[in-house]
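Inside the fold
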Amino acid sequence: MKLLLDAGSGGRASMRLINDIFVKHFDNDILAKMDDAALLHMSSPIAMSTDSYTVSPLFFPGGDIGTLAVHGTVNDVAMLGARPKYLSCAFILEEGLELEVLEKIVISMSSALSEAGVKIVTGDTKVVPKGACDQIFINTTGIGEIIPPTCSLGSPSGHNAKEGDVILLSGSMGDHGLTVMAARDNLSFVSDIASDSASLNHMIERLMLEVGDIHVLRDPTRGGVATTLNEIAEQSCVRCTLFEDRLPVKENVRAGASLLGLDPLYLANEGKLLCIVPKDKMQQALEIMRADEKGKDAVCIGEVSALPSSKTDNQSGNNTGHEKTGQVVLVTLMGGKRLLNMLEGAPLPRIC
Amino acid sequence: MDFSHSFHDAAMCKALLAKLDMQLQKYGKEIRFMEVCGTHTVSIFQSGLRSLLPSGLIHLSGPGCPVCVTHDAEVATFIQLAEKENVIIATFGDLIRVPAPDGRSLKHAQANGARVQIVYSPLDAIQIAKENPQSDVVFLGVGFETTAPAIAGALLTAKKMGLNNFSVFSCHKLVPPALHALMGSSDTLIDSSAESASSARIDAFLLPGHVALILGLEPFKFIAEKYKCPAIVAGFEPADIIHALYSIVEQKIAGVPEVVNGYKRAVDDAGNPAARAILDKVFSVCDTQWRGLGLIPQSGLAIRGEFADFDAKVRYDIQLVETKPLPGCKCGDVLSGKINPSECPLFGKRCTPQNPTGPCMVSTEGSCAAWYNYQGIILD
């Protein structure tokens, strides 16, 4: 059955859609009250994050737009060293959308929610005329309780990377980015890969409670590990050095990306985290990450050091154009060095 | 054997580099080598090889990036075509951010409602034409001898299918005539920016493996014969490149310049005659403008008259507009090995990957973009 504009009218058709699909699958006592807002009881400082989700195709190996909308926001909240508790969820639906498709997405959101231990407590639905959106857009906003930090720097933040810290990554890079690209463009030479879409809040809770001294937590989503580390390096005014021989990339992702001229360091992840801790906490943090199925391939990929004193001169004293306050350097397999810069936009496949 | 890993093997590459260094010391002079392939550019920077090369080996990145050498008049035409009613542009991905002289790119046209689709193969463009019988699909034929055969194949397919809503805007460039031009032969380069290029010193060439796969060695032999310059067809993994450089130094020591095949696991000395036949069937050689280098005679591919129905130049009566040289831009000097990107006064200031002024900054494979992205300031 196809979705009609009526379903967004606020009348009976809207009520049917809300009850038959959203309330049915997101079932919880707070949502069921159906008041204008959700009543929440929280005692600690709160972390809050919002994100809107659009993806083509809607379904891809390893997930769909619904799992992304849950995992993405849950992870963003958790990266502040918080325990995500509640989400809001707003749907923008295109007239003519198959209701079966919508329900399938809502069901997978529901199982992602229960796995993360998070509830959708308020929501909204709009139906727009055909062509005004691409099937379905989802916005989720999440809030969570800050886990009291034991670190003197406070809760994890991109500003807290310090000289002597190590950079840990919870698993392989680029799975999500390449999977979606392959599904969107029917790339037959890319096979056997799946998105890593997953919520990481349980792993983060253990890291916060047991290691405590966590300087930075970030999920390397769009732009990948290289972009996220550039953000951290700039915020913290440090140099991050990565070692290519330690970077975890699945063989088929490496091969597929290579054929397209793409670098897995810049491909999106949806179930990975970067964790920066003092070196003496590395082992403990890695053990906690590896104990979780989603972090079983966690490794130390690099280290943090002070920026070189002269940031604007290169060897020959020429103009380098780099006036930034942080940088990411890769030590290659061969032992050479190169910069990992931020990309201008999405990575584009090359001509040859 | 996993080729992709073994040719990256750190221990082997280090051993090869040590041998290369010894050999270079034996030669005792500086060698300025030029690669003319975007994949080589990226590989040399990306693998970190550039930071490990002996100081006497100077890497020059020539006109090997197909996006960079696509002339601004051609790019301006891409946008004009995209803005035509009922046209769908099908293009390789890295063309869509290339700025025309007015600063606009296909991305901007897209934002204004133009239909621009990224494809991975010209056959995808044919598929788009089949699926959109009410629209005219124009494929932007950009690239060297490497991509041209597939595009010729697509044209033949379109003709066989009787597809009447598909055409190709051929902007192809040929590598050997450009090398001729670079070697400073006064009869080859015509415009003024190219004239200054002729004074650059190039001691050896790393020839593009992909192009040689099609052409074989023959079209490159003039490099050794006429210009007494060693040239070696090289693969793209770090070990391939180091091996090729070693062979260059050996030739320099022996004093016998040759054109040799250092990529035998992929390239046949005779190239790929079938691919050349299909090229010849669909295209004829023509003069063409290179961005940064100017007009180079007999260095382009035009679609033959019998395929005029599929030639966007004919279908849309395309006349390339005159474009002014970009003030201050030294891309011509960079492409011809006269200066390093960082010696250009615009580099990193007015000209960045975010806001490119010159052609070498527009594609990730461009000499300036690679320099900016990979080299920067890490050499402390």
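Residues numbered from 1 in each chain as written. Chains lettered and ligands numbered in written order. Predicted model: local features only at pLDDT ≥ 70, side-chain atom pairs only at ≥ 80, totals over all residues. Heavy atoms only, no water.

**Let's talk about the overall build of chain A**
This is how the line gets drawn: Counting from the N terminus, the helices are DSSP H or I runs at least four residues long and the strands are E runs at least two residues long. Note that the radius of gyration is over C-alpha atoms, with the globule rule given as 2.2 Å times the number of residues to the power 0.38. Residue burial is assigned from relative accessible area. The probe radius is 1.4 Å, only protein chains are included, and a residue is buried under 20% of its type maximum, exposed over 50%, and partly exposed in between. Computed by Shrake-Rupley with a 1.4 Å probe, the accessible areas treat only the displayed protein chains as cover when residues are assessed.
On a plain count of helices and strands, chain A comes out with nine helices and 13 strands. For a compact globule of 352 residues, the expected C-alpha radius of gyration is about 20 Å, and chain A comes in at 22 Å, within 12% of that figure. For chain A, the spread of C-alpha atoms along the three principal axes comes to 70 × 55 × 35 Å. In chain A, buried positions account for 55% of the 352 residues. Of the accessible surface of chain A, which amounts to about 14,600 Å², a share of 51% is contributed by carbon and sulfur atoms.

**Description of the packing of helix H2 (residues 10-27) of chain B against helix H14 (residues 238-254) of chain B**
Residues and elements named next belong to chain B. Rules: In this description, a line fitted to the C-alpha atoms serves as the axis of each element, helices being fitted only across the stretch in contact, and the angle between N-to-C directions of two axes falls anywhere from 0 to 180 degrees. Roughly parallel means an angle under 35 degrees; roughly antiparallel, over 145; roughly perpendicular, 65 to 115; everything else is oblique. Two helices cross in a left-handed way if the nearer one is turned anticlockwise from the farther one by less than a right angle. They cross in a right-handed way if the turn is clockwise. Throughout, a contact is declared for two residues whenever any of their heavy atoms are within 4.5 Å.
Here H2 crosses H14 at 15°, and the two axes come no closer than 9 Å. When the interaxial angle is binned, H2 and H14 end up roughly parallel. In the packing of H2 onto H14, the handedness of the crossing is left-handed. Contacts between H2 and H14 involve Met-12, Cys-13, Leu-16, Leu-17, Lys-19, Leu-20, Gln-23, Leu-24, Lys-26 and Tyr-27 from the first element and Pro-238, Ala-239, Ile-242, Leu-245, Tyr-246, Val-249, Glu-250, Lys-252 and Ile-253 from the second.

**A short note on the domain arrangement of chain A**
All names here are of chain A. Selection criterion: Source of the domain bounds: an automatic or database domain assignment. Using a 1.4 Å probe, buried area is obtained as the accessible area two parts lose upon being combined, added over both of them. For this document, the term salt bridge refers to a Lys or Arg side-chain nitrogen within 4 Å of an Asp or Glu carboxyl oxygen. The definition of a polar contact used here is a pair of N or O atoms within 3.5 Å, where within protein one atom must be able to donate a hydrogen and the other to accept one, and adjacent residues in sequence count solely through side-chain atom pairs. Basically, the charged four are Asp, Glu, Lys and Arg, the nonpolar ten are Ala, Val, Leu, Ile, Met, Phe, Trp, Tyr, Cys and Pro, and anything else, Gly included, counts as polar.
Looking at the assigned domains, one finds that chain A contains domain 1 (5-146) and domain 2 (165-339). The C-alpha-based centres of domain 1 and domain 2 are spaced at 29 Å. Each side of the interface is counted separately: domain 1 has 21 residues, and domain 2 has 24 residues. In total, about 1,800 Å² of surface goes out of reach between domain 1 and domain 2, with carbon and sulfur atoms giving 57% of it. When the buried area of domain 1 at its contact with domain 2 is split by residue, Pro-61, Asn-75 and Met-79 rank highest and sum to 29% of it. Taken together, domain 1 and domain 2 are joined by two salt bridges. On the surface where domain 1 and domain 2 come into contact, there are 11 residue pairs in polar contact (both at pLDDT 80 or more). Of all elements in the fold, only helix H3 (65-78), strand E4 (82-94) and helix H4 (99-116) reach the threshold of two or more residues within the side of domain 1 that touches domain 2. Examining the composition of the side of domain 1 that touches domain 2, we find that eight residues originate from one element, H3, more than from any other. Of the residues assigned to the side of domain 1 that touches domain 2, the class counts are 11 nonpolar, seven polar and three charged.

**Focus: unusual backbone geometry**
In this chain, Ser-56 of chain A is followed by Pro-57 of chain A through a cis amide linkage whose omega measures 0°. With respect to the helices and strands, Pro-57 of chain A occurs in the loop between strand E1 (46-53) and strand E2 (59-60). We note that Cys-237 of chain A has phi near 55°; this positive angle belongs to a residue other than glycine. Inspection of the secondary structure puts Cys-237 of chain A in the loop between helix H7 (224-236) and strand E9 (238-243). A relative accessible area of 44% places Cys-237 of chain A in the partly exposed class. Unusually for a residue other than glycine, Lys-228 of chain B sits at a positive phi of about 55°. Relative to the helices and strands, Lys-228 of chain B resides in the loop between helix H13 (222-227) and strand E8 (231-234). You can call Lys-228 of chain B exposed: its relative accessible area is 57%.

**As for the nonpolar core**
Residue and element names in this part refer to chain B. Basically, it comes down to this: The nonpolar core is taken to be a set of buried Ala, Val, Leu, Ile, Met, Phe, Trp, Tyr and Cys residues, with the residues joined through side-chain atoms within 4.5 Å.
Judged by nonpolar contacts, the single largest core of 52 residues is most densely connected at Leu-179, Phe-205, Leu-207, Phe-220 and Ile-223. The element that contributes the greatest number of residues to this core is helix H18 (residues 367-375), accounting for six residues. For this core, the two domains that each supply at least three residues are domain 1 (31-321) and domain 2 (331-372). Dropping the residues within four chain positions of it, Ile-223 is found in contact with Leu-179, Phe-205, Leu-207, Lys-228, Cys-229 and Ala-231.

**Quick notes on the sheet that holds strand E4 (residues 115-118) of chain B**
Residue and element names in this part refer to chain B. Stated precisely, the cut-off is as follows: If DSSP finds at least two bridges between two strands, the strands pair.
The parallel open sheet is built from four strands, whose spatial order is E4-E3-E5-E6. The sheet is open, and its two edges are formed by E4 and strand E6 (166-170), each paired on a single side. Across the sheet, the mean angle separating the axes of adjacent strands is 25° when strand polarity is ignored. Pairing of strand E5 (residues 136-141) with E6, which is carried by five bridges, proceeds in the parallel orientation. If you follow Val-138 over to E6, its bridge partner there is Ser-167. The strands touched by helix H6 (residues 72-82) are strand E3 (87-91), E4, E5 and E6; relative to E3, the strand with the most contacts, the crossing angle is about 140°. Running at roughly 155° to E6, helix H9 (residues 148-161) makes contact with E5 and E6 of the sheet.

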